[in-house]
Amino acid sequence: MKTFSLLAILIAVFILNISNATFSNGNSISSDSNYIEQADPSVTAEYCPVSGEKIEGSGVVFNYLDTKVKFCCEGCEKSFKKNPSKYLKAGVIDPVCGMTETNSEITTVNDGVKYYFCSESCKNKFEKDPTVVLEKYNK
Ligand SMILES: [Zn+2]
Ligand SMILES: [Zn+2]
């Protein structure tokens, strides 16, 4: 009787080990496929910087100086133009000198789009003739 229960325990432990091994195996496979699923959208899908929504189809594209920005709708594009620095994580450039260190206090609005400058002198140059300054970005 004693030997039998010991054997039963041994068998139980053996079975547990097998199911454990299967379980951890299955686990590693599923975490592998999870990794692929997570990595995929970041390559193909695009998200609106304003709403954070996934952009379906071609979306609405606006070229802000040297940066091409894509939105889910025209409403988001409008919000962006009013406050580009809020949505451009990499920072906004001074359209006159090209510096990335712009002063959020020195700005101007041209054609509904806000621009940022490093100094008052760059801002003055821009306001003298915005078309000439913006021309080099319209290629
Ligand atoms: Zn939108
Ligand atoms: Zn400047």
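Structure shown above.
Draft legend 1. Representation of the side chain of Glu77 in the model. Looking at the secondary structure, you find Glu77 in helix H2 (residues 74-82). Take Glu77: its relative accessible area is 13%, and that puts it in the buried class. Excluding residues that lie within four positions of it along the chain, Glu77 makes contacts with Val60, Val61, Phe62 and Phe71.

Draft legend 2. Summary view of unusual backbone geometry. Even without being glycine, Leu65 reaches a positive phi, approximately 55°. Take Leu65: it is sitting in the loop between strand S1 (60-64) and strand S2 (67-71). Classification of Leu65 by relative accessible area gives buried; the value is 7%. Positive phi, normally seen in glycine, also occurs at Asp111, with a value near 60°.

Draft legend 3. Just the coordination of the zinc ion (ligand 2), in detail. All of the protein donors around the zinc ion (ligand 2) are Asp94 (OD), Cys97 (SG), Cys118 (SG) and Cys122 (SG); their distances to the metal are 2.1 to 2.3 Å. Seen from the zinc ion (ligand 2), its four donor atoms lie at angles of 96 to 121°, and the figure they make is tetrahedral. Written as a sequence motif, the donor arrangement for the zinc ion (ligand 2) is D-x2-C-x20-C-x3-C. Judged by relative accessible area, which is 6%, Cys122 ranks as buried.

Draft legend 4. Fine view of the coordination of the zinc ion (ligand 1). With distances of 2.1 to 2.3 Å, the protein atoms coordinating the zinc ion (ligand 1) are Cys72 (SG), Cys73 (SG) and Cys76 (SG). All donors of the zinc ion (ligand 1) belong to a single chain; written as a sequence motif, their spacing is C-C-x2-C.

Draft legend 5. Quick look at the nonpolar core. Within the largest apolar cluster, 25 residues are counted, with the highest numbers of intra-cluster contacts made by Tyr64, Leu65, Phe71, Phe80, Tyr115, Phe117 and Phe126. Elements with a minimum of two residues in this core: S1, S2, H2, strand S4 (113-117), helix H4 (120-128) and helix H5 (130-135). Broken down by element, the residue count for this core peaks at four residues, all from S4. Every residue in contact with Phe126, bar those within four places of it in the chain, is listed here: Pro95, Val96, Thr108, Asn110, Tyr115, Phe117, Val133 and Leu134.

Draft legend 6. Spotlight on the pairing of strand S3 (residues 103-110). When S3 meets S4, the two strands line up antiparallel, connected through five bridges. Following the sheet pairing, Val109 is matched in S4 by Lys114. What sits between the antiparallel neighbours S3 and S4 is a turn of two residues, in which Asp111 has the positive phi angle 60°.

Draft legend 7. Just the packing of aromatic side chains, in detail. Scanning the entire structure with this criterion turns up seven aromatic pairs. Seen in terms of ring centroids, Tyr64 and Tyr115 are 5.5 Å apart; in terms of plane orientation they differ by 10°. Their pairing is stacked. Of this pair, Tyr64 sits in strand S1 while Tyr115 sits in strand S4, placing them 51 residues apart in sequence. Per residue, the accessibility class of Tyr64 equals that of Tyr115, and both read buried. The structure contains a cluster of three or more aromatic residues connected by ring pairs, namely Phe62, Tyr64, Phe71, Phe80, Tyr87, Tyr115, Phe117 and Phe126. Above the face of the Phe62 ring, Lys81 is positioned so that its terminal group lies 4.7 Å from the ring centre.

Procedures and definitions
- Residues numbered from 1 in each chain as written.
- Chains lettered and ligands numbered in written order.
- Predicted model: local features only at pLDDT ≥ 70, side-chain atom pairs only at ≥ 80, totals over all residues.
- Heavy atoms only, no water.
- Helix = DSSP H or I, 4+ residues; strand = E, 2+ residues; numbered from the N terminus.
- Buried < 20%, exposed > 50% of the residue type's maximum accessible area, 1.4 Å probe, protein only.
- Contact = heavy atoms within 4.5 Å.
- Donors = N, O, S within 2.8 Å, 3.2 Å for Na, K, Ca; no water.
- Tetrahedral: all angles 85-135°; square planar, octahedral: opposite > 155°, others 65-115°.
- Core = buried A, V, L, I, M, F, W, Y, C linked by side-chain atoms within 4.5 Å.
- Pairing = 2+ DSSP bridges.
- Phe/Tyr/Trp six-rings, centres within 6.5 Å; stacked < 30°, edge-to-face > 60°.
- Lys NZ or Arg CZ within 6 Å of the ring centre and 35° of its normal.

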